[in-house]
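Remarks on the overall topology
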Amino acid sequence: MSIKQQIRNDRLPRHIAIIMDGNGRWAKRQGMHRFFGHQRGVEAVHEITEACAELGIEYLTLYAFSIENWNRPQEEVDALMSLLIDTVEKETPTLHKNNVRLLTIGDTSRLPQTAREKFLNCMEYTAGNTGLKLVLALSYSSRWEITEAMRRMAVKVRQGEILPEDITEQTVDSLLTTAGIPDPDLLIRTSGELRISNFLLWQLAYSELYFTGLCWPEFNKEALYEAIVDYQKRERRFGKTSEQINS
Ligand code: FPP
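**Examining the state of the cysteines**
Under the definition given, this model contains zero disulfides. Take C122: it sits in no disulfide, and the sulfur closest to it among the cysteines is that of C52, at 17 Å.

So, in C-alpha cells, the structure goes:
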C-alpha cells in the first residue's frame, strides 16, 4: 500500500501548520547561494498547498517570514520580499482556480507597500473561495501577537467594554491575529531543528508535533503524507486518560 493510501480520510488533521526551515542550508549543500534555496522553497510551497487542497485539509498555515527575520542581512530580506511579491502575483490565478482562499497573519504593516498591496489583492480575489484556507504568517511572531492581544484587552478593560473577571480563553483567542482560525492539529518543522521559534505559542497548546530532517526544498507530497500517517497513529488525549478517550 502506498503511503498516500495509508491516510485515513475520517481522521485528517483539520489544520496543518508548518515551520518551513532549511532553505539556506540545503542551498549551501548544493554549492549554491542561499537564495536558490528560497526559490526552491517556493516550489515546495506550491506542491504542499496542492497536496493539502487535494486531501481536503481545511487550513494550512506556513511560517513564511518571522519578525526576527527582519534582522537578517538586508540583501536577504530584500530578496525574500521580492520573492514573496513575485510569488503571490504569479500564484493568485492558480489559488483561485483551485478554490483556495488566502489569509495572512502577522504584523503585515511592516511589509513593503507593494507586498501589502499584492497580498491584499490576492486575499480579496480569493475571499469567496470555499476550499483550503492558506494562511501565510508574514512578519509574524507569537510573542508580538500575544503582546498586541494584551494591549487590546487592556484598552477594552479601560473603556469598560469588558470586566477582568469576564476574560476567558475565548476572549484571548478573539484578540489574536489568528482569530476565527482553529488551532493547528499538526505542526511540522523541517530541517531537523527541534524548536518552535516563536510560532503560534498559544495555538499549539495541544497540537501534535512532527519533526523531519528533510530541508524545506526537499519536503514533498510523500513527506507530507508520511507526517499525516504518523499523526493519525497518535492518541490525542487533551489532558484526559486513554480510557476516557476510548470509552
Ligand atoms: C527558512 O529557511 C525559510 C525562510 C525564512 C523563508 C521561507 C520562505 C519561502 C519558502 C519562500 C516564500 C514563501 C511563500 C509562502 C511564497 P532558512 O533561510 O532559515 O534556512 P536555514 O535555516 O538553512 O538558514
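**Brief notes about the sheet that holds strand β1 (residues 15-19)**
An order of β3-β4-β2-β1-β5-β6 is seen for the six strands of this open sheet, with the pairing classed as parallel. At either margin of the open sheet sits one strand with a lone partner, and together these are β3 (101-105) and β6 (208-211). Taking the axes of each pair of neighbouring strands and ignoring which way they run, one obtains an average angle of 20° across the sheet. Bridge analysis of β3 against strand β4 (residues 133-140) gives five bridges, and the strand direction is parallel. For L102, the partnering residue across the bridge sits in β4 and is L134.

**Thoughts on the site of the ligand**
Not every one of the 17 residues close to the ligand is listed here, only the nearest: D21, G24, R25, R34 and R72. For the ligand, an oxygen atom lies 3.2 Å from a polar atom in the backbone of N23. Here the ligand has 620 Å² of accessible area as a free molecule, and 92% of this is covered by the chains. Of all elements in the fold, only α1 (23-29), α2 (34-55) and α3 (74-97) reach the threshold of two or more residues within the shell around the ligand. Top element by residues in the shell around the ligand is α2. It accounts for four residues. Residue composition of the shell around the ligand, by class: six nonpolar, seven polar and four charged.

**Brief notes about the nonpolar core**
It is characteristic of soluble globular proteins that their nonpolar side chains tend to be buried jointly. Core analysis: the largest hydrophobic core is formed by 45 residues, its most contacted members being I16, I18, L60, F119, I188 and L224. If we ignore the near neighbours within four places in the chain, the residues touching L60 are H15, I16, I18, I48, T49, C52, L132, K133, L134 and V135. With 14 residues, the next largest nonpolar core counts Y59, A137, L200 and L204 among its residues.

**Focus on the side chain of Q232**
With respect to the secondary-structure elements, Q232 resides in helix α7 (residues 221-232). Only 2.7 Å separates the side chain of Q232 from the backbone oxygen of R8, close enough to count as a polar contact. In this structure the side chain of Q232 is engaged in a polar contact, spanning 2.9 Å, whose partner is the backbone oxygen of R11. Setting aside residues no more than four positions away along its own chain, Q232 makes contact with Q6, I7, R8, R11 and L12.

Rules used in this analysis
- Residues numbered from 1 in each chain as written.
- Predicted model: local features only at pLDDT ≥ 70, side-chain atom pairs only at ≥ 80, totals over all residues.
- Heavy atoms only, no water.
- Disulfide = S-S within 2.5 Å.
- Pairing = 2+ DSSP bridges.
- Helix = DSSP H or I, 4+ residues; strand = E, 2+ residues; numbered from the N terminus.
- Axes fitted to C-alpha atoms, helices over the stretch in contact; angles between N-to-C directions.
- Near = heavy atom within 4 Å.
- Polar contact = N/O pair within 3.5 Å; in protein donor to acceptor, adjacent residues only side chain to side chain.
- Areas by Shrake-Rupley, 256 points an atom, 1.4 Å probe, with all protein chains shown as cover.
- Nonpolar A, V, L, I, M, F, W, Y, C, P; charged D, E, K, R; others polar.
- Core = buried A, V, L, I, M, F, W, Y, C linked by side-chain atoms within 4.5 Å.
- Buried < 20%, exposed > 50% of the residue type's maximum accessible area, 1.4 Å probe, protein only.
- Contact = heavy atoms within 4.5 Å.

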